[in-house]
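Spelled out, the chains give:
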Amino acid sequence: MSEPSRRDFIYIAAGAAAAAGGALTLWPFIDQMNPAADTLALASTEVDLSQVTEGQQITVMWRGKPVFVRHRTPAEIEEARSVDVSGLRDPATDQERLVPLSGGEYQPQFLIMVGICTHLGCVPLGNRSGDYDGWFCPCHGSHYDTAGRIRKGPAPKNLEVPGYEYLSDTVVKIG
Amino acid sequence: MSGPSTYEPKTGIEKWLDSRLPIVRFSQDTMINFPTPKNLNYWYTFGGILSLILVVQIVTGIVLAMHYVAHVDYAFESVQRIRRDVPWGWMIQYIHANGASMFFLAVYLHMFRGLYYGSYKAPREILWILGVVIFLLMMATAFMGYVLPWGQMSYWGAVVITNLFGALPIIGETITTWLWGGFSVDNPTLNRFFSLHYLLPFAIAGVVALHVWALHVPGNNNPTGVSVKSGKDTVPFHPYYTVKDGFALLLFFILFAVFVFYMPDILGHADNYIPADPLVTPSHIVPEWYFLPFYAILRAIPDKLMGVLAMFASIGVLFILPWLDTSRVRSMRYRPVMRWFFLIFVGACLLLGYCGGQNPEGWVLHASRLATVYYFAYFLLILPIVGLIETPKPRPASIADSIHGDRGKPRSDTAATPAPAE
Amino acid sequence: MKSDMMRVFLIAVALLTSTTAIAAEEEVHAPNQDWSFEGPFGVFDRASLQRGYQVYREVCAACHSMDYMYFRMLGQEGGPFHDEDYPNPNDNPVIKALSAEFQIEDGPDDLGDMFMRPGQTSDRFPAPYPNDNAARAANGGAHPPDLSVIVKARGGGADYLDALLTGYKDAPEGEEPPRAGLYYNEYFAGHWIAMPPQLTEGRVTYEDGTEATPEQMAEDVTTFLAWASEPHMETRKRMGFGVIIFLIILSGLTFLAYKEVWRDVEH
Ligand code: HEM
Ligand code: FES
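Residues numbered from 1 in each chain as written. Chains lettered and ligands numbered in written order. Predicted model: local features only at pLDDT ≥ 70, side-chain atom pairs only at ≥ 80, totals over all residues. Heavy atoms only, no water.

Chemist: Can you walk me through the overall build of chain B in this structure?
Modeler: From N to C terminus, chain B includes 16 helices and 2 strands. The C-alpha radius of gyration computed for chain B amounts to 24 Å, which stays within 12% of the reference 22 Å derived for 422 residues, consistent with globular compactness. Reported as C-alpha extents along the three principal axes, the dimensions of chain B are approximately 75 × 60 × 45 Å. Taking contacts inside chain B between residues at least 6 apart in sequence as the whole, the part at least 24 apart equals 79%. (Helix = DSSP H or I, 4+ residues; strand = E, 2+ residues; numbered from the N terminus. Rg over C-alpha atoms; globule rule 2.2 N^0.38 Å. Contact = heavy atoms within 4.5 Å.)

Structure follows, in structure tokens:
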């Protein structure tokens, strides 16, 4: 009582230390829900492009998600390049949606995208479907063109291009 | 003790809430203003400590359940994955595993406290019985939890304990088959144990709520065993006991942390790091340390059925304890004869714990038989008889009195007047 | 009077500690060794870990799996090949090279066939036998145990393992093996072990020039296996130090608060 300031100091110090300790303790319990080391280690996939023939599309698993690997025909590439980019919802040229070889040249026939509709996560149908001959998402009617760009329907963005690199002309490593 | 409520809603919102859901009033009356004897010592902090360990076990358990796989082919591996790959998994797993031991350490101290200060006696019989129910649920939970990592001790512990029920005549085999969900301990057993291990702690939490409710009707007992007479005997729970319990809790957590961070395996068994193998029994099956006294009672008796019955009876007898003690005096502080029997009882329990970890041969077998006899005699003979013939020491007239005088010894003026019946 | 329960408590502690001490006693007692990773501040000797991995790889892995070990773990914090520059061990070129030394079965491919490919950091250590029965058949009926958690799975821990690896002796006069193909080892329970002596002089050639004596190899591989049994041991001890210091400070403050709260109450 004689020194209320000392008393207050002790209470505040103890209370603050307890609160800080409690807050720090929370972190491990939150962080444990993040991807574990084994999940993170599986974060890349290699794809052999030579097995994908012209006009064909394969779907590979990457981080538990479908990735479309399409070998486009010259007609599809032409279609994708003839679009006026400025009028698009999510403007991007066809080239911007590709990754060059280590030498810097492009292989425009191979289009690689995460096969997940940017609206609410359904997997769009391929094989030149939809109004723009690319992909069509049946869930709520989003149409993507032959470069995987959103053209019509509720989706806000183009189909996502994952991070990938060419290990050789025919092998890409996704992730 | 849980006299009239002292809560007075001040603002309009508080009044509005109080006439609909008096939750603030309830919290104030039970956790803030609750009148608590002034003289509670550190043995009385274990109730609070237990409540917190229960929370720790539930929280870490829920986390583990997010990563654990209840399947005989993956259970062991999933625990290794938690240890190695899940962020912080190693720490959370060690906390949960050692938390069980801390839980039992605290509960045993809590129970011996009750035995010594006569906290099981009127008017706290229900409180005590609810405590025994909690204890039983804890044992079931811990046993099933230990099976989950599916190591050798998990598996063979499950085999041995479930086979106890096979000792029952006629229905024994039907019961074990039913428990297993098959003809041996196997995947169905593991799955149901996981389900129940997740469920039971919440049942414990429910019974703890009843336990605390039953505590708040008569109020706490105290080291003198003398009932609260007036406001002079008590202080409000908060801040007096929140801060004392908090301090004790932190000391307990230091011990807990020493186990978790510096000797996480010392209370466990090396064999449980070998995946379960139904074809090979480990050379020496022992339960976790907290079951050893009961395991010793089981093995002290040469007959399978009688051993099982004795083991269950050793806990069953706790249910009728309040009616076995015939003394009018609660606290053993004032029971010069009974106190010695109590000390021997603690010794017998420790001896049983020791014997439970050894092979039941030679002197170990004799010692565990002797201790088993004493264990039952303590409840069934000593407590009833000594209570009738012992002359208790004079007790203080009130808790406040006991504090003024030389601790526990009444002042000369009160010693002359016989202590009123409690 | 108050000290009654305290006395009981102290006796209890004394009894319990002696109980665990006796319970921990092993039939065969491995000599107590000094390990780099022992004690509250012990950390693994990194060079020894690397040599130990080499011994496991070149000697033990012929018969013993390590199912819970993945190549990437070798490069994680606290691991033998951890490199500060590669916080993600999957990017660490040393780990990539170590994994690529192995051909791992993968598949099925589009035709449904399994195929072999070079190992990746995310791969498990390959097992020497396809299943337990094959392992048994190849080892005279004895199953070489998995070594992932072996140091935790044996009562004597690292001391036992080290003693076992160097504990081969001529059987004492009159002791006969229960069956053929067994070797006398002082520290093995029952003394007759199906594993032949492995660590003979110069069995491996250490890259760092350390002389490969049997004792050295045993020490190194034991250190490696102790790490593998608990790869986060160093983090555990480091964290524990902080946690305990914090708890001591907080309980000191709480004790002061307790004294303040109770100052005006007789109790
Ligand atoms: C999950 C386990 C348990 C929890 C969380 C718990 C919680 C509590 C709490 C908070 C108190 C009041 C504070 C105190 O006096 O220490 C208490 C009192 C008590 N508990 Fe428990 N308890 C548990 C298990 C048990 C068991 C197993 C028993 C006995 C078989 C038991 C018997 C008692 C008794 C007799 C009291 C009243 C003590 C007195 O007022 O002198 N409790 N418990
Ligand atoms: S999810 Fe594709 S359109 Fe809604």
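Here the narrative resumes, following the displayed structure.
Chemist: When you look at the packing of helix α5 (residues 89-117) of chain B against helix α13 (residues 338-356) of chain B in this model, what are you seeing that I'm missing?
Modeler: Geometry of a packed helix pair, given as the angle between the helix axes and the separation of the axes. Residue and element names in this part refer to chain B. In contact at an axis separation of 10 Å, α5 and α13 are set at 160° when each is read in the N-to-C sense. Between α5 and α13, the angle falls in the class roughly antiparallel. The interaxial crossing formed by α5 with α13 has right-handed handedness. In contact with Phe112, Leu115 and Tyr116 of α5, α13 contributes Arg339, Phe342, Phe345, Val346 and Cys349. (Axes fitted to C-alpha atoms, helices over the stretch in contact; angles between N-to-C directions. Parallel < 35°, antiparallel > 145°, perpendicular 65-115°, else oblique. Left-handed = near helix turned anticlockwise from the far one by under 90°.)

Chemist: Got a minute to help me understand the pattern of salt bridges in this structure?
Modeler: Opposite charge on two side chains permits pairing when their charged atoms draw close. Under the criterion given, the structure shown has 30 salt bridges over all chains. Put simply, Lys152 of chain A and Asp131 of chain A hold a salt bridge, and the shortest N to O gap is 2.5 Å. Here Lys152 of chain A, found in strand β8 (residues 150-152), pairs with Asp131 of chain A, found in the loop between β5 (125-129) and β6 (133-137); they are 21 residues apart in sequence, far enough to count as distant. Judged by its relative accessible area of 38%, Lys152 of chain A falls in the partly exposed class. The class of Asp131 of chain A is partly exposed, set by a relative accessible area of 44%. Asp145 of chain A serves as the salt-bridge partner of Arg149 of chain A, at 3.0 Å between the closest nitrogen and oxygen. Overall, the relative accessible area of 3% leaves Asp145 of chain A in the buried class. Via salt bridges that share partners, Arg6 and Arg7 of chain A together with Glu260, Arg263 and Asp264 of chain C belong to a single interconnected network. (Salt bridge = Lys/Arg side-chain N within 4 Å of Asp/Glu carboxyl O. Buried < 20%, exposed > 50% of the residue type's maximum accessible area, 1.4 Å probe, protein only.)

Chemist: Help me out: how do you make sense of the interface of chain C and chain B in this one?
Modeler: Interfaces are often described in size by the accessible area the parts lose on coming together. Contacts between the two partners involve 52 residues from chain C, matched on the other side by 53 residues from chain B. Between chain C and chain B, a total of about 4,900 Å² is buried, with carbon and sulfur atoms accounting for 71% of that surface. Inspection of the chain C/chain B interface yields 3 salt bridges. Asp265 of chain B serves as the salt-bridge partner of Lys152 of chain C, at 2.4 Å between the closest nitrogen and oxygen. Our count for the contact surface shared by chain C and chain B stands at 12 residue pairs in polar contact (both at pLDDT 80 or more). (Buried area = accessible area lost by both parts, 1.4 Å probe. Polar contact = N/O pair within 3.5 Å; in protein donor to acceptor, adjacent residues only side chain to side chain.)

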